[in-house]
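Given next are the chains, with one letter for each unit.
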Amino acid sequence: MTGSLTIAGLGPGSDRQVTPEVTAAIAAATDIVGYIPYVARIVPRPGLMLHPSDNRVEMDRARAALQMTAQGRHVVIVSSGDPGVFAMAAAVFEALEDAPQWQALDIRVLPGITAMLAAAARAGAPLGHDFCCINLSDNLKPWEVIETRLRHAARADFAMAFYNPRSASRPDTFARTLDVLRAECGPDRLITFARAVSTPEEAIATTTLAEARPDMADMRTVVILGNSATRRVGPWVYTPRRAG
Ligand code: SAH
């Protein structure tokens, strides 16, 4: 019996933003693996085993999914947004590096709508020109790396999207981020806070760096900073497609 492992993105929250390809993979699965709130989005049915786990056990989860696949199960690992953006796809390949016996397994990564794209669409087109995307969590990299990337991206005049901006375990890094950005980009730069995009709790607010406060972000917020040309047009925010 040949198993399969699909690493699938569920999009930012709304079932209307799950791709048909991901829906089909879930319908064909025998096992669903993932962080508790993501597995909670899967409708139970006979013959489908749900394996929710805590978000601190990503490597254990990846290895467990590979093990089940090797036993012939059809496993889907669910991530929010896109599975390749600060999520489980890289964790699975990291686990594969240490496990040659699993490298010939049938593995597929199915994309999903990542938070910054869902948020940008709600705001207008703040990522309409060159941009970069930075994870502000310092769990897996030191703050110095984050700060260096922020300064280089600001000097290159990228618009930026920030994931994992603020959590209870590290309340200060987002305040430091705003300080660095104010120093590099000045007070008038537009910044959009997009919380719980595509869910009933969705809230989108755009302000300037001068007015931005750390408590405008939490772990359900993706933050988008404009480049030097980003501007408002009516209720929208957009970044023109030419530089300068
Ligand atoms: N793989 C996910 C990101 C996981 S990191 C993706 O592609 O979207 C988790 C971070 O994603 C959160 O801290 C937040 O910054 C962002 N995020 C995820 N879903 C979101 C949503 N519905 N609205 C706003 N931000 C979201």
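Residues numbered from 1 in each chain as written. Predicted model: local features only at pLDDT ≥ 70, side-chain atom pairs only at ≥ 80, totals over all residues. Heavy atoms only, no water.

## Structural notes on the nonpolar core
- Counting 22 residues, the largest nonpolar core has Leu150, Met160, Phe162, Ile191 and Leu225 as its most contacted members.
- Apart from residues lying up to four places away in sequence, Leu150 is in contact with Ile134, Leu136, Trp143, Met160, Phe162, Thr177, Val180 and Leu181.
- Leu5, Ile7, Leu66 and Val92 belong to the second largest nonpolar core, which has 17 residues in total. (Core = buried A, V, L, I, M, F, W, Y, C linked by side-chain atoms within 4.5 Å. Buried < 20%, exposed > 50% of the residue type's maximum accessible area, 1.4 Å probe, protein only. Contact = heavy atoms within 4.5 Å.)

## Here we look at the layout of surface pockets
- Each pocket or cavity is described by its volume, and for the largest pocket that value is around 1700 Å³.
- Surrounding the largest pocket, 45 residues form its lining, Tyr38, Glu58, Phe86, Asn164 and Met219 being those nearest its centre.
- Broken down by secondary-structure element, the contributors of at least two residues to the lining of the largest pocket are helix 2 (36-39), helix 3 (58-70), helix 4 (88-97) and strand 11 (221-225).
- A per-element tally of the lining of the largest pocket places helix 4 first, with four residues.
- Of the residues in the lining of the largest pocket, the class split is 20 nonpolar, 15 polar and 10 charged.
- Both domain 1 (4-113) and domain 2 (116-238) contribute no fewer than three residues apiece to the lining of the largest pocket.
- The volume enclosed by the second largest pocket comes to roughly 260 Å³.
- Forming the walls of the second largest pocket are Leu10, Asp15, Val18, Thr23, Ile26, Ala27, Arg41, Ile42, Val43, Arg45 and Leu48.
- Among the residues making up the lining of the second largest pocket, the classes are represented as seven nonpolar, one polar and three charged. (1 Å grid on protein atoms, 1.4 Å probe; cavity = no way out; pocket = protein on both sides within 12 Å on 5 of 7 lines; lining within 4 Å. Points joined across faces, edges and corners; volume = space filled by probe spheres on them. Helix = DSSP H or I, 4+ residues; strand = E, 2+ residues; numbered from the N terminus. Nonpolar A, V, L, I, M, F, W, Y, C, P; charged D, E, K, R; others polar. Domains from an automatic or database assignment.)

## Section: the sheet that holds strand 10 (residues 203-208)
- Pairing within the open sheet is mixed, and its five strands lie in the order 7-8-11-9-10. Either end of the sheet is taken by a strand with one partner, and the two such strands are strand 7 (131-135) and strand 10. Between one strand axis and the next, the sheet turns through 20 degrees on average, direction left out of account.
- In this sheet, strand 10 lies alongside strand 9 (residues 190-195) in antiparallel orientation, the contact comprising six bridges. Considered in strand 10, the bridge of Leu190 is made with Thr208.
- In the packing of helix 5 (residues 115-123) onto the sheet, contacts are made with strand 7, strand 8 (159-163), strand 9, strand 10 and strand 11, and the angle to strand 11 comes to roughly 65 degrees. (Pairing = 2+ DSSP bridges. Axes fitted to C-alpha atoms, helices over the stretch in contact; angles between N-to-C directions.)

## Concerning the site of the ligand
- In the neighbourhood of the ligand, 19 residues make up the surrounding shell, with Asp82, Val85, Thr114, Met219 and Thr221 lying closest.
- Between Asn164 and the ligand, the recorded distance is 3.0 Å, taken from a side-chain N or O atom to an oxygen atom.
- The contact in question runs from an oxygen atom of the ligand to an N or O atom on the backbone of Thr221, over 2.7 Å.
- Within the complex, the protein chains bury 91% of what would otherwise be the 550 Å² of accessible surface of the ligand. (Near = heavy atom within 4 Å. Polar contact = N/O pair within 3.5 Å; in protein donor to acceptor, adjacent residues only side chain to side chain. Areas by Shrake-Rupley, 256 points an atom, 1.4 Å probe, with all protein chains shown as cover.)

## Quick notes on the environment of Pro214
- In this fold, Pro214 is placed in the loop between strand 10 and strand 11.
- When the C-alpha atoms of Pro214 and Ser14 are compared, they prove to be 27 Å apart, with 200 residues separating the residues in sequence.
- In this view, Pro214 contacts Arg166, Phe174, Ala175 and Leu178; residues no more than four positions away in its chain are not counted.

## A closer look at the domain arrangement of the chain
- Annotation of the chain at the domain level lists domain 1 (4-113) and domain 2 (116-238).
- Here the C-alpha centre of domain 2 lies 28 Å away from the C-alpha centre of domain 1.
- Of the residues lining the interface, seven residues belong to domain 1; the matching set on domain 2 comes to nine residues.
- When the two sides are added together, the surface that domain 1 and domain 2 hide from each other amounts to roughly 590 Å², 71% of it contributed by carbon and sulfur.
- For the pair domain 1 and domain 2, the number of links is zero salt bridges.
- Along the contact surface separating domain 1 from domain 2 lie two residue pairs in polar contact (both at pLDDT 80 or more). (Buried area = accessible area lost by both parts, 1.4 Å probe. Salt bridge = Lys/Arg side-chain N within 4 Å of Asp/Glu carboxyl O.)

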